[in-house]
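Residue-level listing of the chains:
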Amino acid sequence: MGKAERIHQAIARSLGTAILTGKYQPGDSFEGEIEQSLALGVSRTPYREAIRILVAKGLIESRPRAGTHVTQRSRWNLLDPDILAWTFSGEPDQAFVRDLFELRGIIEPAAAALAAQRRTAAQIDTMRQALAAMQHHGLAADEGRAADQRFHHAVLEATHNEAVASLASSVGAAVDWTTRFKQRHHVLPRDPLPEHLAVFHAIEASDAGAARKAMEELLRLALDDTAATFA
């Protein structure tokens, strides 16, 4: 990764976080390209690239003569992994965290049921290895959280539904950042591995109904743990 790429990504992260945390409100305009790049102490090229990133994520729009403005929240790509990371870099809104779990509750139980019907032996092995890594490292470690993401990715991929599998990066980012958030102020209140194992065993047994129920229970308990963080 070259220096210029690092600079424009850092600028995008800084400006994106400022938008997501409310420093910039929908409708607010940015100063001109020259003024902003001077204020940030960078050349116009990385600033321009950063703006393109934010436009692609729906956070801002830039039009000739109209200038650059923050868009309405309804246009933000809130499931973009970068936007999730920027959101959780501060204190996320409780309603948004609840929304993430509701979305997961719509997608993942149905995905687990499909995975139970369609999974391959290789996908079962991937899930088993991910759970072993979760058990070995624990979710307080980066390696453990990465293994958690791999498990949830594998469940979505085992549906053999391209549209569902395409959600893996967003679901994985939501899993990672909500787990990090739960540990920000407190040690995890309990070990979530048993619920993951219940999902795995149901998928391995090709029991779609049990897989759906096990995933629903996993998400219910995870939401309870997260809600406790706001208490």
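Here, the structure is the one placed above.
Thresholds applied
Residues numbered from 1 in each chain as written. Predicted model: local features only at pLDDT ≥ 70, side-chain atom pairs only at ≥ 80, totals over all residues. Heavy atoms only, no water. Helix = DSSP H or I, 4+ residues; strand = E, 2+ residues; numbered from the N terminus. Buried < 20%, exposed > 50% of the residue type's maximum accessible area, 1.4 Å probe, protein only. Areas by Shrake-Rupley, 256 points an atom, 1.4 Å probe, with all protein chains shown as cover. Lys, Arg positive; Asp, Glu negative; His and termini not counted. Charge placed at Lys NZ, Arg CZ, Asp CG, Glu CD. Contact = heavy atoms within 4.5 Å. Pairing = 2+ DSSP bridges. Salt bridge = Lys/Arg side-chain N within 4 Å of Asp/Glu carboxyl O. 1 Å grid on protein atoms, 1.4 Å probe; cavity = no way out; pocket = protein on both sides within 12 Å on 5 of 7 lines; lining within 4 Å. Points joined across faces, edges and corners; volume = space filled by probe spheres on them. Nonpolar A, V, L, I, M, F, W, Y, C, P; charged D, E, K, R; others polar. Core = buried A, V, L, I, M, F, W, Y, C linked by side-chain atoms within 4.5 Å. Axes fitted to C-alpha atoms, helices over the stretch in contact; angles between N-to-C directions. Left-handed = near helix turned anticlockwise from the far one by under 90°. Phe/Tyr/Trp six-rings, centres within 6.5 Å; stacked < 30°, edge-to-face > 60°. Lys NZ or Arg CZ within 6 Å of the ring centre and 35° of its normal. Parallel < 35°, antiparallel > 145°, perpendicular 65-115°, else oblique.

Caption draft 1: Highlighting the overall build of the protein. When you go through the protein residue by residue, the secondary structure sums to eleven helices and two strands. Shown N-terminal to C-terminal, the secondary structure of the protein runs as helices and strands in the order α-α-α-β-β-α-α-α-α-α-α-α-α. Taken over the C-alpha atoms alone, the protein extends approximately 60 × 40 × 30 Å along its principal axes. Burial analysis of the protein (231 residues in total) assigns 44% to the buried set. Roughly 11700 Å² of accessible area belongs to the protein as shown, and the carbon and sulfur atoms make up 52% of that amount. If you average the places of the 26 positive and of the 29 negative side-chain charges in the protein, the two averages end up 4 Å apart.

Caption draft 2: Up close: the side chain of Arg104. Topologically, Arg104 is positioned in helix H5 (residues 94-118). Residue contacts for Arg104: discarding those within four places in its chain leaves Pro109, His152, Ala174, Val175, Thr178, Leu218 and Leu219.

Caption draft 3: Molecular detail of the pairing of strand S1 (residues 60-63). The pairing of S1 with strand S2 (residues 67-70) spans four bridges and is classified as antiparallel. Its bridge partner lying in S2, Arg63 is registered against Gly67. Adjacent in sequence and paired antiparallel, S1 and S2 are bridged by three residues, among which Arg65 carries a positive phi angle near 70°.

Caption draft 4: Spotlight on the pattern of salt bridges. Here the structure, examined in full by the defined rule, presents 15 salt bridges. A single network of salt bridges, built from pairs that share partners, joins Asp142, Arg145, Asp176 and Arg180.

Caption draft 5: Structural detail: the layout of surface pockets. In this model, the largest pocket occupies a volume close to 160 Å³. Classifying every residue of the lining of the largest pocket gives five nonpolar, three polar and three charged.

Caption draft 6: Broad picture of the nonpolar core. One finds Met127, Phe151, Val155, Val199, Ile203 and Met215 to be the most contacted residues of the largest nonpolar core, which totals 28 residues. Setting aside its immediate chain neighbours within four residues, Met127 contacts Phe151, Ala154, Val155, Ala158, Phe200 and Ile203. Among the nonpolar cores identified, the runner-up in size contains 18 residues, and Ala18, Leu20, Phe30 and Leu59 belong to it.

Caption draft 7: View of the environment of Pro92. Secondary-structure assignment places Pro92 in the loop between helix H4 (81-88) and H5. Take Pro92: its relative accessible area is 6%, and that puts it in the buried class. For the pair Pro92 and Ile203, spaced 111 residues apart in sequence, the C-alpha to C-alpha distance is 33 Å. With residues up to four places along the chain from it excluded, the contact list for Pro92 reads Thr87, Val97, Phe181, Arg184 and Phe230.

Caption draft 8: Quick peek at the packing of helix H7 (residues 142-157) against helix H9 (residues 168-182). It is at 9 Å that the axes of H7 and H9 come closest, and there the two elements cross at 145°. Relative to H9, the crossing made by H7 is right-handed. Contacts between H7 and H9 pair Asp142, Arg145, Asp148, Gln149, His152, His153 and Leu156 from the former with Ala168, Ser169, Val171, Gly172, Ala173, Val175, Asp176, Thr179 and Arg180 from the latter. Here the residues of the contact of H7 with H9 sort into five nonpolar, six polar and five charged.

Caption draft 9: Region of interest: the packing of aromatic side chains. Throughout the structure, instances matching the rule amount to two aromatic pairs. For the pair Phe88 and Phe181, a centre-to-centre distance of 6.0 Å together with 65° between the ring planes defines the contact as edge-to-face. Highlighted residues: Phe88 in helix H4 and Phe181 in helix H9, separated in sequence by 93 residues. Positioned above the aromatic ring of Phe96, the side-chain terminus of Arg73 is 5.8 Å from the ring centre. The ring of Trp177 has Arg180 sitting right over it, with the charged end atom 4.7 Å from the ring centre.

Caption draft 10: Region of interest: the packing of H7 against helix H10 (residues 193-204). It is at 12 Å that the axes of H7 and H10 come closest, and there the two elements cross at 30°. As far as their axial angle goes, H10 and H7 are roughly parallel. The element H7 and its partner H10 pack so that their crossing is left-handed. Contact with H7, carried on its side by Asp148, Phe151, His152 and Val155, involves His196, Val199, Phe200 and Ile203 of H10 and no other residues of that element. Classifying every residue of the contact of H7 with H10 by side-chain character gives five nonpolar, two polar and one charged.

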